[in-house]
Amino acid sequence: MQRLLCLFVLPLALAASVASQEKKPPEKKVPPPRILYAVPLVAKPGEKQKLALRGMNLAAVKEVKASGADAAQVKVLGAKGVGVPNNYPGERVGDSEVEIELVLPKDAKPGAVKLTAVGPGGESNAYTVLVRDELPAVIEKEENGGFDTAQVLTRPCAVEGTIKGERDVDVFTFAGKKGDKVTVEVQAARFGSPLDGFLTVYDADRKVVASADDENGSADPVVTVTLPKDGAYFIALIDAHDLGGPNFAYRLVVK
Ligand SMILES: [Ca+2]
Ligand SMILES: [Ca+2]
């Protein structure tokens, strides 16, 4: 009898031990999504627009919430994984995106509108949308890669452009008067754009008047200059690391 019991109990014990091992698969924690930037980077108040929110762990997002503008509406159109170009860190350009339709009220305030993506791992950061302000908006036109092909601007304005590829240079020109105080500011990295802008202002003789790389703890440059004489001036914007691509977007404020 004793022997029979042993024969009976041993397989049971073995089976129980196997079951307890199978019960506990290694825990797989889904990380929360992260929004890095929007494509296009600049959103328009008072309009219905499509935006792709690019970042990490966004492929399973089904909901995006807006805050900071009462009448803002968001509809999720789809989400997917996207390829990361060679030599580009995924955490800077993003490996996935969620496409949304965003309706912003006319009185949406720049700096106030934030978007949060909700995924299986939880909520993302609250991403601050770069919203157009009252400055006239100008769309960048290629080819503007040199002094001779510089895009003509009228101050004040805000250019919406892209450093479209490696070593792309975007050049703009404006007419200035001696004593004018001019401020040129790049809005890009603070809104998640992978662009690390570098600005140079030249006079009509193509001599450097001022330049800037990073400002106030951000990669976005700001140049403030009192014009030394009447004449044409040039603004050149590049990526500080000579990188570029369709997502290296910026808003260039000239006032
Ligand atoms: Ca460009
Ligand atoms: Ca910079």
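Before reading on, note that the structure itself is shown above.
Throughout, residues of each chain are indexed from 1 in the direction in which the sequence is written. Chain letters start at A and ligand numbers start at 1, both assigned in the order the entries are written. Reporting of local features is limited, given that this is a predicted model, to residues whose pLDDT is at least 70; pairs of side-chain atoms are given and counted only at 80 or more, and all residues count toward the totals for whole chains, interfaces and linings. To obtain the side-chain values, all non-hydrogen atoms of the structure were included, while hydrogens and water were left out.

Caption draft 1: The packing of aromatic side chains, seen in detail. Ring pairs are drawn from Phe, Tyr and Trp, using the six-membered ring of Trp, whenever the two centres fall within 6.5 Å, and their geometry is named by plane angle: stacked under 30 degrees, edge-to-face over 60, tilted for the rest. As enumerated under the stated definition, the model contains three aromatic pairs in all. Arranged with centres 5.1 Å apart and planes meeting at 85 degrees, the rings of F147 and Y202 form a pair that is edge-to-face. Of this pair, F147 sits in the loop between β11 (137-139) and β12 (151-152) while Y202 sits in strand β16 (residues 197-202); the two residues are 55 residues apart in sequence, bridging distant segments of the chain. Judged by its relative accessible area of 27%, F147 falls in the partly exposed class. Exposed residues in this analysis have more than 50% of their type's maximum accessible area, buried residues have under 20%, and partly exposed residues fall in between, with area computed by a 1.4 Å probe over protein chains only. For Y202, a relative accessible area of 19% translates into the label buried. Where F147 meets F234, the ring centres are 4.9 Å apart and the plane angle is 85 degrees; that geometry is what we call edge-to-face. With F147 in the loop between β11 and β12 and F234 in strand β19 (residues 231-239), this pair connects stretches of sequence that are 87 residues apart. Since its relative accessible area comes to 9%, F234 is described here as buried. Each helix is a run of H or I in the DSSP string that is no shorter than four residues. Each strand is a run of E no shorter than two, and both are numbered from the N terminus.

Caption draft 2: Just the layout of surface pockets, in detail. Throughout, the protein atoms alone are placed on a 1 Å grid, and a set of points is a cavity if a 1.4 Å probe fits but cannot get out or a pocket if it is open with protein on both sides within 12 Å along at least five of seven lines; lining residues have an atom within 4 Å of a point. Grid points are joined across faces, edges and corners, and a volume is the space filled by probe spheres set on the points. Approximately 180 Å³ is the volume attributed to the largest pocket. As for the largest pocket, its lining consists of 15 residues, of which P40, L41, G161, T162 and A249 are closest to the centre. Mapped by element, the contributors of at least two residues to the lining of the largest pocket are β1 (34-39), β13 (157-162) and β20 (249-254). Split by residue class, the lining of the largest pocket holds ten nonpolar, three polar and two charged. Two domains each provide a minimum of three residues to the lining of the largest pocket, namely domain 1 (34-131) and domain 2 (137-254). Amino acids are sorted into nonpolar (Ala, Val, Leu, Ile, Met, Phe, Trp, Tyr, Cys and Pro), charged (Asp, Glu, Lys and Arg) and polar (every other residue, Gly among them). Domain delimitation in this document rests on an assignment produced automatically or drawn from a domain database.

Caption draft 3: Spatial organisation of the coordination of the calcium ion (ligand 1). With distances of 2.1 to 3.1 Å, the protein atoms coordinating the calcium ion (ligand 1) are E140 (OE), E140 (OE), E142 (OE), T162 (O), D168 (OD), D170 (OD) and D170 (OD). Water is not among the atoms examined, so metal sites may look incomplete; donors are the N, O and S atoms within 2.8 Å of the metal, or within 3.2 Å for Na, K and Ca. For the calcium ion (ligand 1), all donor residues lie on one chain, and their spacing in sequence is E-x1-E-x19-T-x5-D-x1-D. The exposure class assigned to D170 is buried, which follows from its relative accessible area of 0%.

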